[in-house]
Amino acid sequence: MGGAVYNSGIPNVRSNSVCHPFPVAYMLRVVACLSFVVLQLTIAAGAVDWNEPEQQLSRKIVAVTGPGAAALTVENRSSLSKRDYEIVQNGLRSSLEQAGLRFVAAEQAAALVAIFLSENSASYVWVAEIRQGASETSVVMVSAPRPASLTAAHESVPLSLRKISVWTQADPILDVTVLEENAGPTHIAVLGAERVALYRWQAGKWQQEQALSILHARPWPGDVRGRLIPAKDHLLDVYLPGVICRSGAAAPLTLNCRETDDPWPLVPAALSGGIYSAFPGAGSGVAIPPLGAFYTPTRNFFTGALTSGIGKFTTVSKFYSAAFVPRDKYLLWLFAATDGHIHMIDGINDQVARFDWGSDLTSVKTSCGAGWQVLATSAEEGNADSVRAYEFPDRDPVAVSPAINFTGVITAFWTEAKGDTAIAVVKNQETGNYEAFRLAVVCSQ
């Protein structure tokens, strides 16, 4: 037998392909054709079928509203790209129309439907807030798988954090509070282990007004913590392990310190006693009562005993820090416990979770996103901390900002008195100084 010949050409026959057979042009056409095929395959592979979660959420919404006129808003708080967000938004509108909703302006609507596209570490979470007249707000949600091929685009991160330097010194800083401000802080108090120093911004620099000594009979624990709380009828209160000090009301100021195990306040003064909703514009809301926690005088954490309690809980696990988030009908508290877990207390249950968080967390009320964010440090161990903002559409935190990094470890982290910003104190690993920063949530542009 002769040698086998495979795919031999047929003499005198020209190719009928769109890729022309001339040597150079032919190769270029082949490359172009292949590139087009690869592009189409890539687009097909990257496409996601959102139909099922769209249908599920639409059915849940209409089960609450019934057919009729409704106003709809859809907000992206997830890592969905702009293209996918538009696809999902259009798909939801179509599914809701097929289910019986007719879209009108808000003033003509029988129901107001606000859909938030969020996500957690495992999946997308789509939450719908439904308001009908004076009735209570209803919330329904569905989850959708998040393909591994989809990565978070920077443009989809809805919020960001900004850190503003407030004060730096060589000695340890336990807390800083802003007493007066115009465009920025103009009068501050800096808490150290042995004194409270008052500074005023004058002639383009900080100038010390007064230093108030802190009297205490027992030595402080090795990792001493403290808190400054501005007061209404006097300048401020100072909370330290086993000691509470109260300032005078008029200059020259004095500190009256006494040994006591009185609780430290956990709710910022501006928010205490108010009624707040879980989502912006929601008609209903929950009360945020004052809440205090007892601090261990010989250690660096809270005992877990509370003043008024959270529902049936008058005690929780020992914890380093706490935050809270209003829900539709209750207040959800989060405690960074000494056991390394986050304990979520809703008044009925103590749900234990292990988030990728450190031991410092606090909450702020802002005009951004859902209106409430939890600021939490990363669980990564090392010589430098980072903080990220989270929202809670349900019980899983959704990261809504990139991490903001520090050049050292955070030693104090408290919400400021107004409740909309936080103070973070960092020990700079390069200089050894202590630095106090204000952390503010910045809305999307």
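That block above? That's the structure.
In this text the structure is predicted, and so the values were computed from the model without any measurement.

Draft legend 1. Local environment of the packing of helix α2 (residues 51-65) against helix α3 (residues 82-99). Running from amino to carboxyl end, α2 crosses α3 at an angle of 45°, the nearest separation of the two axes being 9 Å. Classified by the angle between their axes, α2 and α3 sit oblique to one another. Crossing of α2 against α3: the hand is right-handed. Every residue of α3 that contacts α2 at Glu-54, Gln-55, Leu-57, Ser-58, Ile-61 and Val-62 is listed here: Ile-87, Val-88, Gly-91, Leu-92, Ser-95, Leu-96, Gln-98 and Ala-99.

Draft legend 2. Structural view of the pairing of strand β10 (residues 205-213). Relative to β10, strand β9 (residues 195-202) runs antiparallel, the two sharing eight bridges. Bridge pairing links Val-196 to Leu-212 in β10. Two successive antiparallel strands, β9 and β10, enclose a turn made up of two residues, where Ala-203 displays a positive phi of approximately 55°.

Draft legend 3. Representation of the nonpolar core in the model. Counting 56 residues, the largest nonpolar core has Trp-333, Leu-334, Phe-335, Trp-357 and Leu-361 as the members making the most contacts within it. A per-element tally of this core places strand β22 (residues 331-337) first, with six residues. Discounting residues that sit within four places of it in the chain, Phe-335 has contacts with Leu-266, Ile-310, Val-316, Phe-319, Ser-321, Ala-322, His-341, Ile-342, His-343 and Ile-345. Counting residues in each nonpolar core, the second largest holds 25 residues, with Val-74, Ala-111, Val-113 and Val-142 among its members.

Draft legend 4. Representation of unusual backbone geometry in the model. Residue Pro-252 is bonded to the preceding Ala-251 through a cis peptide linkage, with omega at -5°. Assignment of secondary structure puts Pro-252 in the loop between β13 (243-247) and β14 (255-259). Even without glycine at this site, Ala-203 takes up a positive phi of about 55°. Within the element layout of this structure, Ala-203 appears in the loop between β9 and β10.

Draft legend 5. Region of interest: the sheet that holds strand β12 (residues 236-240). In space, the four strands of this open sheet follow the order β11-β12-β13-β14, with antiparallel pairing throughout. What marks the edges here is a single partner per strand, and that holds for β11 (227-230) and β14. Each adjacent strand pair in this sheet contributes to an overall mean axis angle of 20°, direction not counted. Examined bridge by bridge, β12 and β13 share four bridges and lie antiparallel to one another. Note on β13: the bridge partner recorded for Val-238 is Cys-245.

Draft legend 6. Geometry of the state of the cysteines. Applying the stated rule across the entire model yields two disulfides. Between the sulfur atoms of Cys-245 and its disulfide mate Cys-257 the distance is 2.0 Å. Note on the Cys-245 and Cys-257 pair: the S-S dihedral is about 105°, so by sign convention the disulfide is right-handed. Residue Cys-245 is located in strand β13, and its partner Cys-257 is located in strand β14; the two are separated by 12 residues in the primary sequence. Side by side, Cys-245 and Cys-257 carry an identical accessibility label, which is buried. Here Cys-368 is linked by a disulfide to Cys-443, with a sulfur-sulfur distance of 1.8 Å. Judged by the sign of its S-S torsion, about -85°, the cystine formed by Cys-368 and Cys-443 is left-handed. Taken as a pair, Cys-368 in the loop between β25 (357-365) and β26 (372-378) and Cys-443 in the segment after β32 (434-442) lie far apart in primary sequence, 75 residues in all. Look at Cys-368 and you get buried, because its relative accessible area is 3%.

Draft legend 7. Molecular detail of α3. For α3, which comprises 18 residues, the first-to-last C-alpha distance of 26 Å matches the rise-based estimate of 26 Å (1.5 Å per residue) to within 8%. Among all positions of α3, only Asp-84, Tyr-85, Val-88, Gly-91, Leu-92, Ser-95 and Leu-96 are buried. End-on view of α3: buried residues confined to an arc of 130°, all on one side of the axis. Counted as exposed and oriented over 90 degrees from the buried face of α3: Lys-82, Arg-83 and Gln-98. In this structure, the buried side of α3 is in contact with α2, β1 (68-76), β2 (101-103), β3 (111-119) and β4 (123-131). Downstream of α3 by a residue or two, Gly-100 has a phi angle that is positive, lying close to 120°.

About the cut-offs
- Residues numbered from 1 in each chain as written.
- Predicted model: local features only at pLDDT ≥ 70, side-chain atom pairs only at ≥ 80, totals over all residues.
- Heavy atoms only, no water.
- Axes fitted to C-alpha atoms, helices over the stretch in contact; angles between N-to-C directions.
- Helix = DSSP H or I, 4+ residues; strand = E, 2+ residues; numbered from the N terminus.
- Parallel < 35°, antiparallel > 145°, perpendicular 65-115°, else oblique.
- Left-handed = near helix turned anticlockwise from the far one by under 90°.
- Contact = heavy atoms within 4.5 Å.
- Pairing = 2+ DSSP bridges.
- Core = buried A, V, L, I, M, F, W, Y, C linked by side-chain atoms within 4.5 Å.
- Buried < 20%, exposed > 50% of the residue type's maximum accessible area, 1.4 Å probe, protein only.
- Disulfide = S-S within 2.5 Å.
- Expected span 1.5 Å × (residues − 1).
- Arc of directions from axis to C-beta.

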